[in-house]
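Given next are the chains, with one letter for each unit.
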Amino acid sequence: MEIYRFAQEIILDAGEFIRNRMIEDFNIDSKMNANDLVTDVDKETEQFLFDKIEERYPEHRILGEEGAGADIEDADGVLWIIDPIDGTLNFVHQLENFAVSIGIYIDGKPYAGLILDVMKNDLYHAAYEQGAYKNDEVLHDIEESSLKSSLISTNANWLVREGINTPFIQVVKDARSVRSLGSAALEFVNVVRGTSSAALFYRLHPWDFAGGIILLNEVGGITTTLLGDEVRLLKTNSILAANKKIHGELTEYFKADEAFIKNHKEFHKL
Ligand code: 2AM
Ligand code: CA
Ligand code: CA
Ligand code: CA
């Protein structure tokens, strides 16, 4: 529990660092394409967390979106998986609706998940089999629901992507309605809080889901790929995070689509 408490401390410190840093000038660069942005604050926040963890626990390993642990290939020992800012586009355009996400795994097994909604300063945290919390408040098990009476979340990018969009379109048609927040970690949080029944992603990286999976487990939810398979911790995955009832309904949409299965397999090098 010492590592869990330390993680709570440093994620809150990282939030304070970001809130102070963002009122000064910062550079914005693009990564893979013009819409894939990274700022100085993303990089500095990853370094901030890296330095704190390394100082306290030099033997721990750290994998981060902005370059930490890029050579990590196994989950042996204590592994911190960090997204310093999840929702960078929201950070740049909205100055809200972004998060710091931390997932801690020990020999590949879930240990603790933490997601900080930075501007609200709300910390969602959970340790394995110890329940989930919003700050000091216990979060209760989520309710089961059906697609036809549920709000779900997904990203419009997948709906306009040929080759994979057929099941996404059908899911959107059959849902009560769809929301899109733009931070995978906060979309996980909405499922954990029960304000959304499911979150669907065609591709997430380990730092996007590492914290959220542990939180959702603690309130009785489930996370798999869109095809219902186990998530590979150190790879990209499609992700379906949901209550168990709607999860079962949703995987059927994807499993019934041969073209989706084929493209999904190639895309994620399965
Ligand atoms: P980021 O802000 O840390 O980059 C936006 O819909 C969500 O998708 C965010 O969680 C964002 O994380 C993530 N994201 C951004 N670019 C992505 C990409 N090329 N592939 C998959 N996820 C991405
Ligand atoms: Ca990014
Ligand atoms: Ca992210
Ligand atoms: Ca990020």
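Residues numbered from 1 in each chain as written. Chains lettered and ligands numbered in written order. Predicted model: local features only at pLDDT ≥ 70, side-chain atom pairs only at ≥ 80, totals over all residues. Heavy atoms only, no water.

The chain goes by inositol-phosphate phosphatase in an unreviewed UniProt entry, where it is assigned to Salinicoccus halitifaciens.

What to know about the overall build of the chain
Regarding its fold elements, the chain presents nine helices and 14 strands. For 270 residues, the compact-globule estimate of 2.2 N^0.38 gives 18 Å, and the chain sits close to it at 18 Å. The buried share among the 270 residues of the chain stands at 52%. Across the chain, every contact between residues at least 6 apart in sequence was considered, and the portion connecting residues at least 24 apart equals 63%. In the chain, 26 positive and 46 negative side-chain charges are present, and the distance between their average locations comes to 6 Å. (Helix = DSSP H or I, 4+ residues; strand = E, 2+ residues; numbered from the N terminus. Rg over C-alpha atoms; globule rule 2.2 N^0.38 Å. Buried < 20%, exposed > 50% of the residue type's maximum accessible area, 1.4 Å probe, protein only. Contact = heavy atoms within 4.5 Å. Lys, Arg positive; Asp, Glu negative; His and termini not counted. Charge placed at Lys NZ, Arg CZ, Asp CG, Glu CD.)

Comments concerning helix α8 (residues 244-255)
Side chains that are three or four residues apart share a direction in an α-helix, a result of its 3.6 residues per turn. Between its terminal C-alpha atoms α8 stretches 17 Å, which fits the 16 Å expected from 12 residues at 1.5 Å a residue. Residues I246, H247, L250, T251 and F254 constitute the buried set of α8. Angularly, the buried residues of α8 cover 135° about the axis, an arc narrow enough to put them on a single face. Tucked into the core, α8 has its buried residues touching β10 (151-153), α5 (165-174), β12 (198-204), β13 (222-224), β14 (237-242) and α9 (258-267). N-capping of α8 is provided by N243, with a side-chain oxygen placed 3.2 Å from the backbone N of K245. (Expected span 1.5 Å × (residues − 1). Arc of directions from axis to C-beta. Polar contact = N/O pair within 3.5 Å; in protein donor to acceptor, adjacent residues only side chain to side chain.)

Observations regarding the coordination of the calcium ion (ligand 3)
Donor atoms from the polypeptide that bind the calcium ion (ligand 3) are D83 (OD), D86 (OD) and D208 (OD), placed at 2.0 to 2.2 Å. Between the calcium ion (ligand 3) and the calcium ion (ligand 2) the interatomic distance comes to 5.3 Å. Like D86, D83 is buried. (Donors = N, O, S within 2.8 Å, 3.2 Å for Na, K, Ca; no water.)

Some thoughts on the domain arrangement of the chain
Many structure descriptions define interface size as the accessible area lost when the parts assemble. For the chain, the assigned domains are domain 1 (2-139) and domain 2 (147-267). On a C-alpha basis, the centroid separation for the pair domain 1 and domain 2 is 22 Å. Between domain 1 and domain 2 we count zero salt bridges in total. Counting across the domain 1 and domain 2 interface gives eight residue pairs in polar contact (both at pLDDT 80 or more). At the level of secondary structure, the elements contributing two or more residues to the side of domain 1 that touches domain 2 comprise β3 (61-64), β4 (78-86), β5 (99-106), β6 (109-117) and β7 (122-127). (Domains from an automatic or database assignment. Salt bridge = Lys/Arg side-chain N within 4 Å of Asp/Glu carboxyl O.)

Quick look at the site of ligand 1
Taken together, E65, D83, I85, D86, G87, T88, N155, G182, S183, A184, R203 and D208 make up the full set of residues adjacent to ligand 1. One of the backbone N or O atoms of G87 is found 2.7 Å from an oxygen atom in ligand 1. Here an oxygen atom of ligand 1 and a backbone polar atom of A184 are 2.9 Å apart. Taking 480 Å² as the accessible area of ligand 1 by itself, protein coverage stands at 77%. (Near = heavy atom within 4 Å. Areas by Shrake-Rupley, 256 points an atom, 1.4 Å probe, with all protein chains shown as cover.)

Quick word on the coordination of the calcium ion (ligand 4)
Every protein donor of the calcium ion (ligand 4) is accounted for by E65 (OE), D83 (OD), D83 (OD) and I85 (O), and the metal-donor separations fall at 2.1 to 3.1 Å. Every donor residue of the calcium ion (ligand 4) comes from the same chain, spaced as E-x17-D-x1-I. Here the calcium ion (ligand 2) and the calcium ion (ligand 4) are spaced 3.8 Å from one another, each receiving a donor from E65. In this structure D83 comes out as buried when scored by relative accessible area, which is 1%. The class for I85 is buried, based on a relative accessible area of 1%.

A word on unusual backbone geometry
Excluding glycine, a negative phi dihedral is what most residues carry, and trans is how most peptide bonds are arranged. Positive phi is not limited to glycine here, since L95 has a value of about 55°. Mapped onto the fold, L95 is located in the loop between α3 (88-93) and β5. The backbone of D107 shows a phi angle near 50°, a positive value even though the residue is not glycine. Within the secondary structure layout, D107 lies in the loop between β5 and β6.

Here's the deal with the pairing of β5
Counting buried positions along β5 yields seven of eight residues, so the element is predominantly enclosed. As judged from the seven bridges shared by β4 and β5, these two strands associate in the antiparallel manner. Within the sheet, the bridge partner assigned to I82 lies in β5 and is I102. As judged from the eight bridges shared by β5 and β6, these two strands associate in the antiparallel manner. The residue bridging I102 from the neighbouring strand is L114, located in β6. Between β5 and β6, which pair antiparallel and follow one another directly, the connecting turn spans two residues, one of which, D107, has a positive phi of 50°. (Pairing = 2+ DSSP bridges.)

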